Amino acid sequence: MTREKERENAGAGTLPIVMPGILDIPADGGQPSLLGGVCPSCGVRYFPRPSRCRGCLGPVEESPVGAKGVVYSFTVIRIRAPLGLPEPYAIGYVDLEESALRVFCLLDPQAVEMFRIGIPVRLAVGALGRDARGAPCLRPYFTPSVPGPRGAA
Amino acid sequence: MGAACVAGVGMIPFGKHVERTLVDMGSVAAYLALEDAGIGPGRVGLGVFASAAAPRLLGEMTSGQNVFWEVGIHRIPILNVENACTSGSTAFVLACNAIAAGQVDVALVVGAEKLCVPGVGLLNSGETELDTRLGMVTPAGFAMRAARYIHNYGASAAQLASVAVKNRGHAVLNPYAHFRKAVTLEEVLSSPVVADPLTRMQCCPMSDGAAAVVLCSREEARRMRRAVCVKAAILCTGSYENPADLDRWETDYRGCAQGYEAAGIGPEDLDVVECHDAFTIAEILHYEALGLCGPGEGANLAVRGETRLGGRIPVNVSGGLIGRGHPPGATGLAQVHEIVTQLRGEAGGRQVRNAKAGLAHCMGGDKDGDTKSFTMIVMAR
């Protein structure tokens with residue numbers, strides 16, 4: 001699938017997101033963000049957003065936690081993939097620039113061999129795998145900010 | 001602590017037991033432990049049964065009551081415990097606490113697991129968790145720890161793989177082990193990649209099996225020649241702080257410190273250790289959390305033979321999860337079985353000479369880059 005096609009899918013909004021409330025996808029096709037939460041009294045930020053702050057048990061407000069970061073660690077999974085994900089597929093922890101949160105996420109399946117610890121990445125959203133009912137769905141993933149040699153993938 | 005003693009242990013060989021049921025395996029282990037303790041079913045005041053996956057994979061609930069009744073135990077309180085890979089050791093901690101509180105004099109703890117069923121797939125931390133929905137599978141969580149550890153400390157793939165060579169070598173000496181064949185470094189490194197940089201032989205197998213332990217009060221143990229004293233039995237849970245470092249579990253360090261403090265001993269006092277080597281990288285990280293070496297030094301320990309049988313501090317002489325196998329409900333109790341056997345001097349070809357103190361360390365589950373459950377059981381002769 002091409003990047004343009006993925007963006008089309010994301011923009012079309014016809015597919016459900018793998019979990020509601022985790023993504024902020026601008027209607028104009030702009031850069032999507034992970035949607036988490038912030039506790040207005042403690043200032044603690046969360047991803048995903050819990051129903052209550054773990055510190056004060058007060059309500060947590062919805063808040064974007066970031067769209068860009070650097071890879072903290074990653075792996076490429078080379079056994080049978082769950083959830084209809086591509087084989088192989090990559091996952092990692094990303095240190096988000098905006099919120100300083102370290103979040104777990106999928107990495108771009110078209111760039112599995114390009115990931116290294118420390119490289120800058122940005123969020124993308126695309127049709128990727130299936131949901132709990134076996135239907136295609138949108139998932140967030142991080143992709144290298146600086147495109148590498150495509151032949152490497 | 002120190003109120004409880006191990007009076008008897010029993011287990012069945014781990015492996016693929018396609019024809020055996022959970023209750024069959026558990027009750028055989030229970031019988032062997034009672035026989036080893038020389039205690040009849042009528043003396044048991046509490047039964048705790050552990051299985052991590054029975055409700056999900058087998059559709060069986062309250063299996064403990066079935067297991068205990070097979071060995072003539074009924075009417076008393078029976079608990080069924082699930083705590084991922086620490087299910088068995090968590091059951092052990094509960095029984096120790098009941099004895100320490102003076103509620104019972106004798107408790108029987110049984111752990112069993114039947115993982116080798118069609119379509120089992122990979123275990124995860126819950127279908128509703130975001131991580132699971134984004135493709136997190138257990139080996140991948142450990143692979144990311146390995147990648148970060150290699151990045152931080154310059155460890156090599158061969159250093160990681162040497163842990164599997166050691167533990168598979170130990171398993172050859174253990175009649176209860178799932179794998180009885182030694183492997184070479186080349187074989188470990190050239191086995192198929194599961195998740196970079198971990199190859200298949202660096203991952204524990206999914207096993208069927210059962211193990212059981214009879215615990216009693218110190219008063220009861222006075223009449224027993226082969227009883228082993230429990231110096232500490234610790235259970236704690238992850239901190240789930242963000243950001244969490246993947247090259248060390250904060251929970252591992254915190255739990256180990258708590259365990260040593262409760263036992264009144266330190267790493268220098270240990271003769272033998274069983275730890276949660278679900279993957280090679282895990283054993284290396286546990287060396288460091290247990291204080292067997294400093295941060296970043298763990299990768300060299302297995303290579304230098306320090307943690308091999310006959311080395312400075314033998315770790316996973318049973319073969320560990322990688323060699324003995326890993327039926328999660330039984331694993332924590334199989335670790336206790338090994339330490340008790342070592343401290344009694346009954347381990348045959350894999351005996352650590354003059355072992356006087358040892359510990360069983362286990363961790364289970366994954367959440368937010370942390371472990372969900374940690375247990376440490378310190379025992380001494």
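Treat the numbers as computed from the prediction; the structure is a model and nothing was measured.

Student: Break down the overall build of chain B for me, citing the residues and quoting the values.
Tutor: The secondary structure content of chain B amounts to 14 helices and 11 strands. Taking 21 Å as the expected radius of gyration for a compact globule of 381 residues, we find that chain B reaches 19 Å, a close match to that expectation. In terms of its C-alpha atoms, chain B occupies a principal-axis envelope of roughly 55 × 45 × 40 Å. Here the analysis covers contacts within chain B between residues at least 6 apart in sequence; of these, 78% occur between residues at least 24 apart.

Student: Which residues make up the overall build of chain A, and what are the values?
Tutor: Counting its regular elements, chain A contains 1 helix and 9 strands. For chain A, the residues scored as buried account for 40% of the 153 residues in total.

Student: Give me the lowdown on the domain arrangement of chain B, citing residues and values where you can.
Tutor: Buried accessible area, meaning the area lost when the parts come together, often serves as the stated size of an interface. All names here are of chain B. The assigned domain composition of chain B is domain 1 (4–117 + 207–228) and domain 2 (133–203 + 233–380). If you average the C-alpha positions of domain 1 and of domain 2, the two centres end up 23 Å apart. Facing the 35 residues of domain 1 at the interface are 35 residues of domain 2. No other element matches the 7 residues that helix α4 (residues 87–100) contributes to the side of domain 1 that touches domain 2. Tallied by class, residues from the side of domain 1 that touches domain 2 come to 21 nonpolar, 11 polar and 3 charged.

Student: So what's going on with the interface of chain A and chain B? Which residues, and what values?
Tutor: If you look at the interface, chain A gives 27 residues, while chain B gives 25 residues. Among the elements of the structure, β5 (68–77), β6 (89–96) and β7 (102–107) of chain A are those that each provide at least two residues to the side of chain A that touches chain B.

Student: Account for the sheet that holds strand β4 (residues 106–114) of chain B, naming residues and giving values.
Tutor: Residues and elements named next belong to chain B. Reading across from one edge, β3-β2-β4-β7-β1-β8-β11-β10-β9 is the order of the 9 strands in this open sheet, with mixed pairing throughout. Lying at the two open borders of the sheet, with one neighbouring strand each, are β3 (78–81) and β9 (272–274). Neighbour-to-neighbour, the strand axes of this sheet turn through a mean angle of 25°, independent of strand direction. Sitting on the sheet, helix α3 (residues 63–70) touches β2 (46–50), β3 and β4, and the angle it makes with β3 is about 130°.

Student: Could you give an account of helix α1 (residues 22–37) of chain B, naming the residues involved and the relevant values?
Tutor: Residue and element names in this part refer to chain B. Here α1 is 16 residues long and its end C-alpha atoms lie 23 Å apart, about the 22 Å a rise of 1.5 Å per residue gives. Counted residue by residue, α1 has 12 buried out of 16 residues, so it is predominantly covered. For α1, the full list of buried residues reads Leu22, Val23, Met25, Gly26, Ser27, Val28, Ala29, Ala30, Leu32, Ala33, Leu34 and Ala37. Where α1 is buried, its residues meet β1 (4–11), β2, α2 (54–58), α3, β4 and β7 (208–217).

Student: Explain the confidence of the model for chain A to me, and be specific about the residues and the numbers.
Tutor: Confidence in the prediction of chain A, expressed as mean pLDDT, is 90, and 88% of residues score 70 or more. In the predicted structure, residues 1–12 of chain A sits below a pLDDT of 50 and forms 14 contacts with residues beyond four places in sequence or in another chain.

Student: Give a detailed account of the environment of proline 175 of chain B, specifying residues and quantitative values.
Tutor: Position of proline 175 of chain B relative to the elements: it lies in the loop between α7 (157–171) and α8 (185–190). Residues proline 175 of chain B and glycine 365 of chain B, 190 residues apart in the sequence, show an inter-C-alpha distance of 28 Å.

Student: Break down the packing of α4 of chain B against helix α14 (residues 328–343) of chain B for me, with residues and values.
Tutor: Residues and elements named next belong to chain B. One way to put it is that α4 packs onto α14 with a least axis distance of 5 Å and a crossing angle of 60°. When the axes of α4 and α14 are compared, the pair comes out oblique. The segment α4 lies against α14, with Ser87, Gly88, Ser89 and Phe92 engaging Pro328, Gly329, Ala330, Thr331, Gly332, Leu333 and Val336. Split into classes, the residues belonging to the contact of α4 with α14 amount to 5 nonpolar, 6 polar and no charged.

Student: Could you give an account of the pairing of strand β9 (residues 136–144) of chain A, with specific residues and numbers?
Tutor: Residue and element names in this part refer to chain A. For β9, a buried count of 7 out of 9 residues is recorded, marking the element as mostly surrounded by other parts of the structure. Direction of pairing for β7 relative to β9: parallel, over a ladder of 2 bridges. Residue pairing in the sheet places leucine 106 in a bridge with tyrosine 141 of β9. Taken together, the 8 bridges between strand β8 (residues 120–130) and β9 define a ladder with antiparallel strand orientation. Residue arginine 122 lies in a different strand from β9, and its bridge partner there is threonine 143. With antiparallel pairing between neighbouring strands as the criterion, β8 and β9 make up a hairpin whose turn holds 5 residues, including glycine 134 at a positive phi of roughly 90°.

Student: Describe α4 of chain B, with residues and values.
Tutor: Residues and elements named next belong to chain B. For α4, which comprises 14 residues, the first-to-last C-alpha distance of 20 Å matches the rise-based estimate of 20 Å (1.5 Å per residue) to within 8%. The buried count for α4 comes to 12 of 14 residues, which makes it a mostly enclosed element. For α4, the full list of buried residues reads Ser87, Gly88, Ser89, Thr90, Ala91, Phe92, Val93, Leu94, Ala95, Cys96, Ala98 and Ile99. Phi turns positive one or two residues past the end of α4, at glycine 102, with a value near 75°.

Student: How would you summarise the environment of phenylalanine 179 of chain B if you had to cite specific residues and measurements?
Tutor: Relative to the helices and strands, phenylalanine 179 of chain B is located in the loop between α7 and α8. Beyond its immediate stretch of four places on either side in the chain, phenylalanine 179 of chain B contacts Arg168, Ala171, Gly319 and Gly323 of chain B.

Student: An account of the packing of helix α6 (residues 138–153) of chain B against helix α11 (residues 280–289) of chain B is requested, with residue identities and associated values reported.
Tutor: When two helices pack together, their arrangement is given by the angle between their axes and by how far apart the axes lie. All names here are of chain B. The geometry of α6 relative to α11 is characterised by a closest axis approach of 9 Å and an angle of 60° between their N-to-C directions. The pairing of α6 with α11 is recorded here as oblique in orientation. Handedness of the crossing formed by α6 with α11: left-handed. For the pair formed by α6 and α11, the contact residues are Phe142, Arg145, Ala146 and Tyr149 on the first element and Ile281, Ala282 and Leu285 on the second. Of the residues contributing to the contact of α6 with α11, the split by class is 6 nonpolar, no polar and 1 charged.

Student: I'd like to hear about unusual backbone geometry, residue by residue, with values.
Tutor: All names here are of chain B. Of note, the amide linkage connecting aspartate 196 to proline 197 takes the cis form, showing an omega dihedral of 0°. Residue asparagine 242 is joined to proline 243 through a cis peptide bond whose omega torsion reads 0°. With respect to the secondary-structure elements, proline 243 resides in the loop between β8 (228–236) and α10 (250–263). Backbone geometry places alanine 84, a non-glycine residue, at a positive phi of 50°. Among the secondary structure elements, alanine 84 is positioned in the loop between β3 and α4. Classification of alanine 84 as buried rests on a count of 22 C-beta atoms within 10 Å.

Definitions and cut-offs
Residues numbered from 1 in each chain as written. Chains lettered and ligands numbered in written order. Predicted model: local features only at pLDDT ≥ 70, side-chain atom pairs only at ≥ 80, totals over all residues. Helix = DSSP H or I, 4+ residues; strand = E, 2+ residues; numbered from the N terminus. Rg over C-alpha atoms; globule rule 2.2 N^0.38 Å. Contact = placed C-beta atoms within 7 Å. Buried ≥ 20, exposed ≤ 12 C-beta atoms within 10 Å, placed from the backbone. Domains from an automatic or database assignment. Nonpolar A, V, L, I, M, F, W, Y, C, P; charged D, E, K, R; others polar. Pairing = 2+ DSSP bridges. Axes fitted to C-alpha atoms, helices over the stretch in contact; angles between N-to-C directions. Expected span 1.5 Å × (residues − 1). pLDDT = per-residue confidence, 0-100. Parallel < 35°, antiparallel > 145°, perpendicular 65-115°, else oblique. Left-handed = near helix turned anticlockwise from the far one by under 90°.

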